[in-house]
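# Reading the structure
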Amino acid sequence: MKFLTTNFLTCSVKECDRSNNSFPLHYKGEACQLEQDEGIEFNPEFLLRVIDRVEWDAVVSVAKDLGNSTLPQQKPVFENEELSEEDMIVLRDLHVLLIQTNIVEGEMTCRNCGHIYYIKNSIPNLLLPPHLA
Amino acid sequence: MSRPEDLAPPEVFYNDTESGKYTSSTRVQHIQAKMTLRALELLNLQHMGFILDIGCGSGLSGEILTEEGHVWCGVDISPSMLATGLTRELEGDLMLQDMGQGLPFRAGTFDAAISISAIQWLCNADTSYNDPKRRLMRFFNTLFACLKKGGKFVAQFYPKNEEQTESITTAAKVAGFSGGVVVDDPESKKNKKYYLVLSAGAAADEQQVNLQGVTMDAEAVEKSKRNRKIETETRKDYIARKKDLWRKRGRKVAKDSKYTGRKRRPKF
């Protein structure tokens, strides 16, 4: 699962829909294995499009869960249509972080209901047992 | 022709052998590719975007999304299908999730969503505790939430009968979608294909209502004729009306007399 997806995934339990705690999920750092997938092409246009939708606080907190606390606290902004050299460097970093970083194995917990979801072979299992469905 | 929907639930039907067969069959690949391209044509996306693929299976449709330059996320309920997908080096994310339990994404996540040959499964009740109507509602409600404003959803599906189409479109409308069903090749029995085409509200760049120079306090809305009548009626009229109603419904009602609706004096 891409790091970008962690910024959109919430708890599947119906009761958690209305809670503010169900996003972002808590990632258990020691159980998570990361992998860099170099195969995906750098796509600045998509990144610019999706960055508006990204909640930077959640990015920072999930990165911290996974053991990276070096991210800036402020979301990078791209004001000009024409991208400067610096913007391109930032975008490339974002690409490495959001798109190329893959969570291969791991555990995520909902902060509201405490349900644990497991990630195996980079596929998160979001199915709920019958009593929660 | 037998329908897989009638045989077993999807996570059971698409086991290792069945998903292997499905993915390697060139005929299936060809049909899936054609339907995905048609769905994309119906979506009419101007830019590359973030797309949700519901019932992605082994990623046959996802591959085409990647080719078209979109980034996608897929959900499917069959672990075997997803495992087959893993061996195919897909660029999108795969997730194991039952669409009837809702799509667990933040509001406004996706630009669009597609689904190829999947949503008819929602009309089946595979276990004692799942109710198709509730699952359809949950599916469309969460889908509406996770699409951005004006986001579109195109789903190719195989309805068993008219009722299934009806229940799917009704659930979509109740959830707030606008749109309908497109039928391709209606004459042919074999190639007839149903596409559900929905959009979630109006797009942000569409013309909004012009509220310049408008005072926002609306005048009191004129009451309907019926309400006005009820407000002006006396206590006696009220009793007469209620007694009339009960009489019409066949209830036992006290006889009308000159004393009906009169106050009881303290002398009494």
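Positions within a chain are numbered from 1, following the residues in the order the chain's sequence is written. Each chain takes a letter, starting from A, and each ligand takes a number, starting from 1, following the order in which they are written. Local features are withheld for residues below a pLDDT of 70 in this predicted model, meaning they are given only at 70 or higher, and side-chain atom pairs are given and counted only at 80 or more; totals for whole chains, interfaces and linings count all residues. Only hydrogens and water are set aside; all other atoms, that is, all heavy atoms of the structure, feed into the side-chain values.

### Things to note about the overall build of chain A
The test is simple: In this description a helix means any DSSP run of H or I spanning at least four residues, a strand means any run of E spanning at least two, and both kinds are numbered starting from the N terminus. The cut-offs for exposure are 20% and 50% of the maximum accessible area for each residue type, with area from a 1.4 Å probe on protein chains only; residues under the lower value are buried, those over the upper are exposed, and the others partly exposed. Contacts between residues were defined by any pair of non-hydrogen atoms, one from each residue, lying within 4.5 Å. Only the protein chains shown count as covering a residue, and every accessible area follows the Shrake-Rupley method with a 1.4 Å probe. Neither His nor the chain ends is counted toward charge; the positive residues are Lys and Arg and the negative residues Asp and Glu. Lysine's charge is taken at NZ, arginine's at CZ, aspartate's at CG and glutamate's at CD.
Looking only at helices and strands, chain A features four helices and five strands. When its helices and strands are written in sequence order, chain A yields α-β-β-α-α-α-β-β-β. With respect to the three principal axes, the spread of C-alpha positions in chain A is 55 × 30 × 25 Å. When burial is assessed residue by residue, chain A has 47% of its 133 residues classed as buried. For chain A, contacts bridging at least 24 residues in sequence account for 67% of all contacts bridging at least 6. Carbon and sulfur atoms provide 45% of the accessible area of chain A, an area that totals close to 7,200 Å². Taken as two groups, the 11 positive and 21 negative side-chain charges of chain A have centres that lie 10 Å from each other.

### Details of the UniProt feature "domain: Methyltransferase type" (unreviewed entry) in chain B
Our working rule: UniProt positions are given in the numbering used here, feature names are shortened, and annotations may be inferred rather than shown by experiment.
The sites that carry the UniProt feature "domain: Methyltransferase type" (unreviewed entry) are, in the present numbering, residues 52-154 of chain B. A helix fraction of 30% and a strand fraction of 27% characterise residues 52-154 of chain B, whose end C-alpha atoms lie 11 Å from each other.

### Some remarks on the packing of aromatic side chains
For clarity, the cut-off: Pairing of aromatic rings covers Phe, Tyr and the six-membered ring of Trp, with a centre-to-centre limit of 6.5 Å; geometry is then stacked below 30 degrees between planes, edge-to-face above 60, and tilted otherwise. Two conditions define a charge located above a ring, namely a distance within 6 Å from the ring centre to NZ of Lys or CZ of Arg, and an angle within 35 degrees of the ring normal.
Scanning the entire structure with this criterion turns up twelve aromatic pairs over all chains. Seen from their ring centres, phenylalanine 50 of chain B and phenylalanine 110 of chain B are 5.0 Å apart, and the 35° between their planes marks the pair as tilted. Separated by 60 residues along the polypeptide, phenylalanine 50 of chain B in strand 1 (residues 50-54) and phenylalanine 110 of chain B in strand 4 (residues 110-116) bring together distant segments of the chain. Of the aromatic side chains, those joined through ring pairs into one cluster are Phe8 and Phe46 of chain A together with Phe50, Phe105 and Phe110 of chain B. Above the plane of the ring of tryptophan 246 of chain B lies arginine 251 of chain B, whose end atom (NZ or CZ) is 5.1 Å from the centre.

### Topic: the domain arrangement of chain B
As a reminder of what qualifies: Segmentation into domains, and thus their bounds, comes from an automatic or database assignment.
One can read the domain layout of chain B as domain 1 (4-200) and domain 2 (231-263). Placing a centre on the C-alpha atoms of domain 1 of chain B and another on those of domain 2 of chain B gives a separation of 58 Å.

### Comments concerning the environment of proline 10 of chain B
Residue and element names in this part refer to chain B. Tracing the backbone shows proline 10 in helix 2 (residues 10-13). Using a relative accessible area of 12% as the deciding quantity, one classes proline 10 as buried. The spatial distance from the C-alpha of proline 10 to the C-alpha of alanine 118 is 9.4 Å, given a sequence separation of 108 residues. Once residues lying within four places of it in the same chain are set aside, the contact partners of proline 10 are Ile77, Ser78, Trp121 and Asp126.

### Let's talk about unusual backbone geometry
Here phenylalanine 23 of chain A and proline 24 of chain A are connected by a cis peptide whose omega angle stands at -10°. Within the chain, asparagine 121 of chain A stands out as a residue other than glycine whose phi angle is a positive 50°. On the secondary structure map, asparagine 121 of chain A appears in the loop between strand 4 (116-120) and strand 5 (123-125). Among the residues examined, asparagine 121 of chain A registers a relative accessible area of 47% and is labelled partly exposed. The residue serine 117 of chain B is not glycine, and still its phi comes out positive at about 50°. The class for serine 117 of chain B is buried, based on a relative accessible area of 14%.

### Notes on the interface of chain A and chain B
The following threshold applies: Accessible area that two parts lose when put together, evaluated with a 1.4 Å probe and summed over both, is termed the buried area. Here, a salt bridge means any Lys or Arg side-chain nitrogen found within 4 Å of an Asp or Glu carboxyl oxygen. In the analysis that follows, any N or O atom pair within 3.5 Å is treated as a polar contact, provided that within protein one partner can donate a hydrogen and the other can accept it, and provided that, for residues neighboring in sequence, both atoms belong to side chains. Residues are grouped as follows: nonpolar covers Ala, Val, Leu, Ile, Met, Phe, Trp, Tyr, Cys and Pro; charged covers Asp, Glu, Lys and Arg; every other residue, Gly included, is treated as polar.
Across the contact, 33 residues belong to chain A and 29 residues belong to chain B. The contact between chain A and chain B buries some 2,700 Å² in all, and 58% of this surface belongs to carbon and sulfur atoms. Its largest share of buried area at the contact with chain B, chain A owes to Phe8, Arg53 and Ile123 of chain A, together 23% of the area lost on that side. Remark: the boundary between chain A and chain B carries four salt bridges. Residue aspartate 111 of chain B pairs with arginine 53 of chain A through a salt bridge whose shortest N-O separation is 2.8 Å. There are 16 residue pairs in polar contact (both at pLDDT 80 or more) connecting chain A and chain B. Where the side of chain A that touches chain B is concerned, the elements lending two or more residues are helix 1 (3-6), helix 2 (44-51) and strand 5 of chain A. Looking at the side of chain A that touches chain B residue by residue, the classes come out as 17 nonpolar, nine polar and seven charged.

### Topic: helix 3 (residues 56-65) of chain A
Residue and element names in this part refer to chain A. Judged by how many residues are buried, helix 3 sits mostly within the fold: seven of ten residues are covered. Within helix 3, burial applies to Trp56, Ala58, Val59, Val60, Val62, Ala63 and Asp65. In this fold, the buried residues of helix 3 make contact with helix 1, strand 1 (26-27) and helix 4 (85-100). Glycine 67 sits one or two positions beyond helix 3 and adopts a positive phi of about 95°.

### Quick notes on the nonpolar core
Residues and elements named next belong to chain B. The cut-off we apply is this: Nonpolar cores are built from buried Ala, Val, Leu, Ile, Met, Phe, Trp, Tyr and Cys residues. Side-chain atoms within 4.5 Å join them into one set.
With 77 residues, the main nonpolar core has Leu52, Ile54, Phe105, Phe139, Phe140, Leu143 and Phe153 as its most contacted residues. Ignoring sequence-local partners within four residues, the contact set of phenylalanine 139 consists of Ile54, Met99, Leu103, Ile119, Leu122 and Phe153. One finds Leu40, Leu82, Ala112 and Val154 within the second-largest nonpolar core, a separate group that totals 19 residues.

### What to know about the pattern of salt bridges
Residue and element names in this part refer to chain B. This structure, assessed with the given rule, holds 18 salt bridges over all chains. The closest approach of N and O atoms between aspartate 184 and arginine 38, which form a salt bridge, is 2.6 Å. Highlighted residues: aspartate 184 in strand 6 (residues 178-184) and arginine 38 in helix 4 (residues 26-43), separated in sequence by 146 residues. Given a relative accessible area of 22%, arginine 38 falls into the partly exposed group. We note a salt bridge from arginine 135 to aspartate 98, for which the minimum N-O separation is 2.9 Å.

### Some words on the packing of helix 7 (residues 132-146) of chain B against helix 8 (residues 162-175) of chain B
All names here are of chain B. Heads up, the rule is: Between N-to-C directions, angles span 0 to 180 degrees; the directions come from axes that are lines fitted to C-alpha atoms, helices contributing only their stretch in contact. Each angle gets one of four labels, with under 35 degrees taken as roughly parallel, over 145 as roughly antiparallel, 65 to 115 as roughly perpendicular, and the rest as oblique. Crossing handedness: left-handed means the near helix sits turned counterclockwise from the far one by under a right angle, and right-handed means the same turn made clockwise.
At their nearest, the axes of helix 7 and helix 8 sit 9 Å apart, and the two run at 45° to each other. With respect to their mutual orientation, helix 7 and helix 8 come out oblique. Once helix 7 is placed against helix 8, the crossing between them reads as right-handed. Contacts between helix 7 and helix 8 involve Leu136, Met137, Phe140, Asn141 and Phe144 from the first element and Ser167, Ile168, Ala171, Ala172, Val174 and Ala175 from the second.

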